[in-house]
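Residues per chain are reported as follows:
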Amino acid sequence: MKRLKYLISVFLASSFLSLSQFSQPAHAQAAYGSYVGVGPAVGFADGAEIGGVVAFRYKLLETPVSFRAQAFLANNIAIVPTVSYDFPLNWQTDAYIGAGLIFAGGDTPSPVGNKISFALQPGIDYVVPNSNTVLFGNAIIGFDALRDGGTTFSLQGGVGLRF
């Protein structure tokens, strides 16, 4: 009888260990998903410039990297593609820092300037629980983004739809 109890306990322990060997740990992906959104933008280049922004995020699976693009619509049009590194704060929220280029032209500055330049983009994304809605906000700092020289700074935010 002692031997039977011993064999059963060895069998159960080995079964548990063999099952745990083949199982994979779960990894959280906070603020999971890509989105497209719209909202207001305020730029501080040559005075205050008010306009709109169309934002796009494509989240790479299993990596904390996203491809982002923002189109600014005001007196002038500008497009800012960036690559960001995402820091999950919790299940619904990502903070990020991105780097990219500002593509702008024309005589009047857009919210992010009026010439091609380097940009930094800190921001935050929040996914509303139990929905496909995303709230986003970020800043774009454009270095030497004005034709007559100077750094630009813009703040934008809005609402997006995850896909």
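Everything here concerns the structure above.
Keep in mind that this is a model prediction, so the values were computed, not measured.

About the criteria used
Residues numbered from 1 in each chain as written. Predicted model: local features only at pLDDT ≥ 70, side-chain atom pairs only at ≥ 80, totals over all residues. Heavy atoms only, no water. Helix = DSSP H or I, 4+ residues; strand = E, 2+ residues; numbered from the N terminus. Buried < 20%, exposed > 50% of the residue type's maximum accessible area, 1.4 Å probe, protein only. Polar contact = N/O pair within 3.5 Å; in protein donor to acceptor, adjacent residues only side chain to side chain. Core = buried A, V, L, I, M, F, W, Y, C linked by side-chain atoms within 4.5 Å. Contact = heavy atoms within 4.5 Å. Pairing = 2+ DSSP bridges. Axes fitted to C-alpha atoms, helices over the stretch in contact; angles between N-to-C directions. Salt bridge = Lys/Arg side-chain N within 4 Å of Asp/Glu carboxyl O. Phe/Tyr/Trp six-rings, centres within 6.5 Å; stacked < 30°, edge-to-face > 60°. Lys NZ or Arg CZ within 6 Å of the ring centre and 35° of its normal.

Caption draft 1: Structural detail: unusual backbone geometry. Positive phi, close to 65 degrees, is recorded for Glu62, a residue that is not glycine. Residue position: Glu62 is located in the loop between strand S2 (47–59) and strand S3 (65–73). At Asn130, a position not held by glycine, the phi torsion is positive, near 60 degrees. Inspection of the secondary structure puts Asn130 in the loop between strand S6 (117–127) and strand S7 (133–143). Accessibility expressed as a relative area gives 85% for Asn130, which makes it exposed.

Caption draft 2: The side chain of Asp94, seen in detail. Assignment of secondary structure puts Asp94 in strand S5 (residues 93–104). Within the local environment of Asp94, its side chain forms a polar contact with the side chain of Arg57, the two groups lying 3.1 Å apart.

Caption draft 3: Summary view of the nonpolar core. Of all hydrophobic cores here, the largest spans eleven residues; its members are Ala41, Val53, Phe72, Ala78, Val80, Ile102, Ala104, Val112, Ala119, Ile140 and Ala145. Looking at this core, the elements with two or more residues in it are strand S4 (77–88) and S5. Other than its neighbours up to four places away in sequence, Val80 contacts Arg68, Ala69, Gln70, Phe72, Leu101, Ile102, Val112, Ala119 and Ile140. Judged by nonpolar contacts, the second largest core, of five residues, contains Tyr35, Ala55, Val127 and Phe136.

Caption draft 4: Fine view of the environment of Phe153. With respect to the helices and strands, the residue Phe153 is situated in strand S8 (residues 152–162). Once the C-alpha coordinates of Phe153 and Pro111 are considered, the two residues, 42 residues apart in sequence, prove to be 7.7 Å apart.

Caption draft 5: Fine view of the pairing of S2. One ladder, built from eleven bridges, connects strand S1 (residues 35–45) with S2; its direction is antiparallel. Bridge assignment links Val38 to a residue of S2, and that residue is Val54. Relative to S3, S2 is paired through eight bridges, and the arrangement is antiparallel. Directly across from Val53, in S3, lies its bridge partner Phe72. Linkage of S2 to S3, two consecutive antiparallel strands, is achieved through a turn of five residues, within which Glu62 is found at a positive phi near 65 degrees.

Caption draft 6: Structural view of the sheet that holds S1. In space, the eight strands of this closed barrel follow the order S1-S2-S3-S4-S5-S6-S7-S8, with antiparallel pairing throughout. When strand polarity is set aside, the average angle formed by the axes of neighbouring strands in this sheet is 25 degrees. Where S1 and S8 come together, eight bridges link them in antiparallel fashion. Looking at S8, one finds that Gly37 is bridged to Gly160.

Caption draft 7: Spatial organisation of the pattern of salt bridges. One pass over the full model with this rule turns up six salt bridges. Of the charged contacts in the structure, one is a salt bridge between Asp125 and Arg57, with a shortest N-O distance of 3.5 Å. Taken together, the residues span a long stretch of sequence, with Asp125 in strand S6 and Arg57 in strand S2 at a distance of 68 residues. Overall, the relative accessible area of 1% leaves Asp125 in the buried class.

Caption draft 8: Quick look at the packing of aromatic side chains. Across all of its chains, the model carries five aromatic pairs by this definition. Taking the centre distance of 5.8 Å and the plane angle of 25 degrees together, the rings of Tyr35 and Phe136 count as stacked. With a gap of 101 residues between them, Tyr35 in strand S1 and Phe136 in strand S7 connect regions that are remote in the sequence. Like Tyr35, the residue Phe136 is buried in the burial classification. Ring plane angle 70 degrees and centroid distance 5.0 Å describe the contact between Tyr85 and Phe87, whose orientation is recorded as edge-to-face. The exposure class of Phe87 is partly exposed, given its relative accessible area of 40%. Geometry around Tyr96 places Arg68 over its ring, the cationic atom sitting 3.4 Å from the centre.

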